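Residue-level structure breakdown
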Amino acid sequence: MKYGFVKVEAISPDLRVADCTYNTEKIIEAMEAADERGSQLVVFPELCITGYTCGDLFLQQSLLEAAKSSMFKITEASMGLNLVVIVGVPLEWEGKLYNCAAVICGGDILGIIPKTYLPNYCELYERRWFSPAPKGIGQYHTSIGFFEEAPFGTDLVFRCNQMPEFTFGVEICEDLWAPVPPSTFRALGGANIIVNLSASNEVIGKNQYRRQLVTNQSARLLCGYVYASAGHGESTTDMVFSGSNIIAENGVILHESVPFGEGHSMAEIDVARLCTERMRNTSFRSNFAQFRCEEFDLDMVENTLTRTISPTPFIPSDEKQRTERCELILNIQADGLSKRIEHTHSKRVIIGISGGLDSCLALLASVRAMKQQGLPTNHIHAITMPCFGTSHRTRSNAEILCKELGVTFEEINITDTVLQHFKDIGQDPNNTNTTFENSQARIRTLVLMDKANQLGGLVVGTGDLSELALGWATYNGDHMSMYGINAGIPKTLVRHIVNYEADLAAASERQVLADCLRDILDTPVSPELLPTAETGEIAQQTESIIGPYELHDFYLYYVLRFGFTPKKIFFIAKSAFLDKYEDTVLLYWLRNFYRRFFAQQFKRSCLPDGPKVGSITLSPRGDWRMPSDAVSAIWLEEIDELESMLN
């Protein structure tokens, strides 16, 4: 329960129909095992104390008394366990029988929630025995044996005193299938997690439908959803139950059990992240007044994450999704540029081509845009501008790429211009300082802008999202263009899109183009502003200066998308990258990220237009509005604390 994570479990224990003693033993065993695993919230299926398929036995007083007694035993067994447990039980209340969920913690029954919607079709006809949850009972309670009165009703949410973000609500099986599920109101009442005690039988196609219901509801409500369904042991007279257990968070399944498997699912739900999502979503309007909030206490413990934290959050792990994303992004880029060409009545596009990744992607997207406009690809003018740091490899790849794509290629060597500029401003050409580097970048941009005027075209920028975040661009140099086509794409994703185009080229038997693209992928990332090595190879490698892009993109995602603290980002980074980086290395580049991100905002405050392709952009007109003189002290102090802990 550190950094907003709550370990939850959905368990379908083995049971026997109408054997409350046996079922209670299995539930208590599962509770104790979950406590040893460090779980804080454990959900069991609907009517698990008796079994869901008792039929007319639900009207037998002996069974109801045994069920109530079992609930007491489970409550007693919860004393000393650091978790909340939710079990299904039939209970009488004011002369009616209800299908209920009992919420239990630390030897107390926190509340009892009756089922709102009862199925009344085919083999499921609960209305024969149970009544739907009564309305307007917010002030009523039910007396349950030797325990003090416990809240009873559908107007309950539960909150942990030690972690207020850990707030949950309960619905039962059919409730989720209703046009407006009760969980909708529980979420608006403050519940960040919804638990569902279910007994959903297995038929062809139903498992996929359940998954869709759970994932969609968790996405709509910006919540975690824990679904526990009945499994082995229920009567198979007319139905079979598979023990389907699903844990989802904001539209993503964190873990699910295999039908007819072990009937157990476990994951950590990030309730702090969910709170951030709701805070950002102004259409999510909370209504706390309609709900009673029952509080409980749990000890704060640090758990090891079992959920998968991707080291590449911008890139889908599924190959099919990754392919679809690459194609979509290229189409977004092309359509955005196509509109700009159409609006400005430009007939030509000018790109500075270096033989590197970013200019390669900009060129590929520009080719698509020109085809969309019905213009020939030779109306794209790709200009290479070699100087002190240009390597033979990048120069050669730039020319091959342009030839294979059918664009106009031109070389303008800027060495003499740069040397003259050094003479004009009194810069020693042997002093390879910032002036030495930035002069080249600004002259390259000057050449591109003037060629655009000459040709009646517009300059397409090549800088990507990662470079903008780190300020790795020369102000009024490569920082400037007439349309920043890569501005919404992080470096790690740029690589995958170029690789996708290489695969397309290979599939189309354009092997020269495919080989060229793959060699560009293998080339070290570099602005090529410092002189090459004696061997002619690239001497200036970006990642050795500013750090690995995979780390910076990871940090960028969690800083901008969720506003996580440095401590939490460091915590999840250790899980995502496992043993790839030492803790000191993670912290070193995390500090570097924050330092550069704050210091370089002034460059982002005057960015050219560029298409948004994902949930994160740094456009000053859209997703990111930050003063250029904001101070990073709060964030860097957190990193200081982490570093002192390591020392």
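You'll find the structure just up there.
Below: a short report on this structure. These numbers were taken from a predicted model, which means no experiment stands behind them.

**Topic: the pairing of strand E13 (residues 224-229)**
Taking burial as the measure, the 6 residues of E13 include 6 buried ones, the bulk of the element. Where strand E12 (residues 193-198) lies against E13, 6 bridges are found, and the strand directions are parallel. Bridge pairing links Ser 198 to Ser 229 in E13. Once the chain exits E12 it traverses helix H4 (residues 206-220) before rejoining the sheet at E13, and the crossover so formed is right-handed.

**A word on the nonpolar core**
As a rule of thumb, soluble globular proteins bury nonpolar side chains together. Residues Leu 401, Phe 554 and Tyr 555 are the most contacted members of the largest nonpolar core, which totals 93 residues. The contact partners of Phe 554, leaving out residues within four places of it in the chain, are Ile 309, Ser 310, Pro 311, Pro 313, Ile 569, Ile 572, Ala 573, Ala 576 and Phe 577. Ranked by size, the runner-up nonpolar core spans 45 residues in total, among them Cys 20, Met 31, Leu 81 and Val 87.

**Some thoughts on the sheet that holds strand E19 (residues 380-384)**
Paired through backbone hydrogen bonds, the strands of a sheet run either parallel or antiparallel to each other. A sheet is described by the order of its strands in space; here 5 strands give the open sequence E20-E19-E18-E21-E22, paired in parallel fashion. Since the sheet does not close on itself, it has two edges, and those belong to strand E20 (408-411) and strand E22 (483-484), each with one partner. Contacts from helix H6 (residues 319-344) reach strand E18 (348-352), strand E21 (457-461) and E22 within the one sheet, and its direction differs from that of E21 by about 155 degrees. Its contacts with the sheet put helix H8 (residues 392-405) on E19 and E20, and the angle it makes with E20 is roughly 155 degrees.

**Digging into empty space enclosed by the protein**
On inspection of all chains with the given rule, the structure shows 4 cavities of 30 Å³ or more. The wall of the largest cavity is formed by 17 residues, among which Gly 463, Leu 468, Asp 478, His 479 and Leu 607 lie closest to the centre. Looking at the lining of the largest cavity residue by residue, the class counts come to 7 nonpolar, 6 polar and 4 charged.

**Here we look at the environment of Ala 507**
As for its placement among the helices and strands, Ala 507 is situated in helix H12 (residues 491-507). Using a relative accessible area of 66% as the deciding quantity, one classes Ala 507 as exposed. Counting along the chain gives 453 residues from Ala 507 to Cys 54, while the straight-line C-alpha distance between them is 60 Å.

Conventions used here
- Residues numbered from 1 in each chain as written.
- Predicted model: local features only at pLDDT ≥ 70, side-chain atom pairs only at ≥ 80, totals over all residues.
- Heavy atoms only, no water.
- Buried < 20%, exposed > 50% of the residue type's maximum accessible area, 1.4 Å probe, protein only.
- Helix = DSSP H or I, 4+ residues; strand = E, 2+ residues; numbered from the N terminus.
- Pairing = 2+ DSSP bridges.
- Right-handed = clockwise from strand over helix to strand, strands pointing away.
- Core = buried A, V, L, I, M, F, W, Y, C linked by side-chain atoms within 4.5 Å.
- Contact = heavy atoms within 4.5 Å.
- Axes fitted to C-alpha atoms, helices over the stretch in contact; angles between N-to-C directions.
- 1 Å grid on protein atoms, 1.4 Å probe; cavity = no way out; pocket = protein on both sides within 12 Å on 5 of 7 lines; lining within 4 Å.
- Points joined across faces, edges and corners; volume = space filled by probe spheres on them.
- Nonpolar A, V, L, I, M, F, W, Y, C, P; charged D, E, K, R; others polar.

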